[in-house]
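Structural overview for review
Each chain, written out:
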Amino acid sequence: KIPTKNLDELAKSGRIFTDAHSSAGTCSPSRYSMLTGRYHWRRFNDVVTSFGGPVISSERLTLPRMLKETGYHTALIGKWHLGWDWSKIRKKKRSVSPEDFDWE
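Our focus in this paragraph is the overall build of the protein. Helix and strand content of the protein: three helices and zero strands. Helices (α) and strands (β) of the protein occur, in sequence order from the N terminus, as α-α-α. Looking at the protein as a whole, 18% of its 104 residues qualify as buried. Partitioning the intrachain contacts of the protein with sequence separation of at least 6 by distance along the chain shows that 45% fall at a separation of at least 24. Accessible surface, the protein as shown: approximately 8,900 Å² in total, 56% of it carbon and sulfur.

Spelled out as structure tokens, the structure:
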């Protein structure tokens, strides 16, 4: 069993989450909904491809931005790919492979 001290404290104070739903059965739409609080079908109806463009506009308020504005420190850990502006880091080659991007 994994200790969950902070979650246990939330539960003791009456905050128990027993009914959760996903906006889709696939990853990209579900992550979009969790990060924006909006149904994914208002913006797109598919899974974001590996080199797909961004589906969250820079003007859209997201959960991490909201938390950051209230003093939390946020970070990106794990698979949160929802598109990217690949042209900002793309090297001047014609092929499309991981080596074609400046990851630093």
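We are not done yet, so read on.
By the criterion of burial, helix H1 (residues 5-12) is predominantly exposed, with just zero of the eight residues buried. In the segment just after H1, Gly 14 is the residue with positive phi, at about 100 degrees.

Enumeration over the complete set of coordinates arrives at two aromatic pairs. Between Tyr 32 and Phe 44 the ring centres are 5.4 Å apart and the planes differ by 90 degrees, which places this aromatic pair in the edge-to-face class. You can see Tyr 32 sitting in helix H2 (residues 27-36) and its partner Phe 44 sitting in the loop between H2 and helix H3 (63-69), a full 12 residues away along the chain. Given a relative accessible area of 2%, Tyr 32 falls into the buried group. With a centroid separation of 4.9 Å and 15 degrees between ring planes, the pair formed by Tyr 39 and Trp 41 is classed as stacked.

A few words on the pattern of salt bridges. Counted under the stated rule, the structure contains one salt bridge. When the shortest N-O distance is used, the salt bridge between Glu 9 and Lys 12 registers 3.7 Å. Taken as a pair, Glu 9 and Lys 12 lie in helix H1 at a separation of three residues, close to a single helical turn. Owing to a relative accessible area of 44%, Glu 9 belongs among the partly exposed residues under this scheme.

Moving on to a nonpolar patch on the surface. Together, Leu 61, Leu 63 and Met 66 give the surface a local cluster of nonpolar side chains, amounting to about 240 Å² of exposed area. Looking at where Leu 63 falls in the secondary structure, it is placed in helix H3.

The rules behind these values
- Residues numbered from 1 in each chain as written.
- Predicted model: local features only at pLDDT ≥ 70, side-chain atom pairs only at ≥ 80, totals over all residues.
- Heavy atoms only, no water.
- Helix = DSSP H or I, 4+ residues; strand = E, 2+ residues; numbered from the N terminus.
- Buried < 20%, exposed > 50% of the residue type's maximum accessible area, 1.4 Å probe, protein only.
- Contact = heavy atoms within 4.5 Å.
- Areas by Shrake-Rupley, 256 points an atom, 1.4 Å probe, with all protein chains shown as cover.
- Phe/Tyr/Trp six-rings, centres within 6.5 Å; stacked < 30°, edge-to-face > 60°.
- Salt bridge = Lys/Arg side-chain N within 4 Å of Asp/Glu carboxyl O.
- Patch = residues over 30% accessible without salt bridge, like charges linked within 9 Å, V, L, I, M, F, W, Y side chains within 5 Å.

Read these as spatial facts, not as claims about activity.
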